[in-house]
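Examination of the molecular architecture
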Amino acid sequence: MAYVHCHSCGWSQDDFYTRRYNPATKIWDSIKWLWKPRTIEFEEWIIRDMAKYTHVLVVHKKGKVFTWNWLIVEIIKDIKLAVKQHWWSWKSFKKDTNKACPLCDSKNLDID
Ligand SMILES: [Zn+2]
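Residues numbered from 1 in each chain as written. Predicted model: local features only at pLDDT ≥ 70, side-chain atom pairs only at ≥ 80, totals over all residues.

1. As for the domain arrangement of the protein
- According to the domain assignment, the protein contains domain 1 (1-17 + 86-112) and domain 2 (19-84).
- Each partner contributes to the interface: domain 1 provides five residues, whereas domain 2 provides four residues.
- For the side of domain 1 that touches domain 2, the per-class residue count stands at two nonpolar, one polar and two charged. (Domains from an automatic or database assignment. Contact = placed C-beta atoms within 7 Å. Nonpolar A, V, L, I, M, F, W, Y, C, P; charged D, E, K, R; others polar.)

In structure tokens:
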């Protein structure tokens, strides 16, 4: 797993997608994990970060979240990440002859 990020502005994208790691497999994994109705617990900062990223207020009480609520924000997160994914695969990144940050146009990109 590797992702592209920009050293000039801080932009980053999700890990490169593969047959086993892509929006569909991520959503399917979330469904498998969260389908059974129950309460799960998270650190408050995880819930805050998720709400900030998805713009969805997660209903929770002292870090306890109903699984179906969390499933919705996980799916929204995965879709948002996919929409802003500039290079979907390592191959498409390698093929791109004019690699530049989609946000600031800098060539100061790095892969971690
Ligand atoms: Zn940038």
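2. Let's talk about helix H3 (residues 67-83)
- With 17 residues, H3 should cover 24 Å at 1.5 Å per step; its first-to-last C-alpha distance of 24 Å lies within 8% of that length.
- Those residues of H3 that fall on the buried side of the exposure criterion are Trp 70, Val 73, Glu 74 and Asp 78. Along the long axis of H3, the arc covered by the buried residues comes to 140 degrees, so they all point the same way. With respect to the buried face of H3, the exposed residues turned more than 90 degrees away are Trp 68 and Val 83.
- Those residues of H3 that are buried lie in contact with helix H1 (23-34), strand S2 (39-41), helix H2 (44-54) and strand S4 (64-66). (Helix = DSSP H or I, 4+ residues; strand = E, 2+ residues; numbered from the N terminus. Expected span 1.5 Å × (residues − 1). Buried ≥ 20, exposed ≤ 12 C-beta atoms within 10 Å, placed from the backbone. Arc of directions from axis to C-beta.)

3. With respect to the environment of Ala 100
- Mapped onto the fold, Ala 100 is located in the loop between helix H4 (90-95) and strand S5 (109-111).
- Between the C-alpha atom of Ala 100 and that of Cys 6, which follows or precedes it by 94 residues, the distance is 8.7 Å.
- The residues touching Ala 100, leaving out its near neighbours within four places in the chain, are Asp 105, Ser 106 and Lys 107.

4. Focus: the nonpolar core
- Within the largest apolar cluster, five residues are counted, these being Leu 34, Ile 47, Val 65, Trp 70 and Val 73.
- Excluding its chain neighbours within four sequence positions, the residues that come into contact with Val 73 are Met 50, Thr 54, Val 56 and Val 58. (Core = buried A, V, L, I, M, F, W, Y, C linked by C-beta atoms within 7 Å.)

5. Description of the sheet that holds S4
- Ordered by their spatial adjacency, three strands build an open sheet running S2-S4-S3, and the pairing between neighbours is antiparallel. Each edge of the open sheet carries a strand with a single partner, namely S2 and strand S3 (60-61).
- Where S2 meets S4, three bridges bridge the pair, whose relative direction is antiparallel. What sits directly across from Glu 41, in S4, is Lys 64. (Pairing = 2+ DSSP bridges.)

6. Overview of unusual backbone geometry
- Look at His 55: it is not a glycine, yet its phi comes out positive at around 60 degrees.
- Secondary-structure assignment places His 55 in the loop between H2 and S3.
- Assessed through the 9 C-beta atoms surrounding it within 10 Å, His 55 is described here as exposed.
- One non-glycine residue, Lys 62, lies in the positive phi region at around 50 degrees.
- The topology assignment puts Lys 62 in the loop between S3 and S4.

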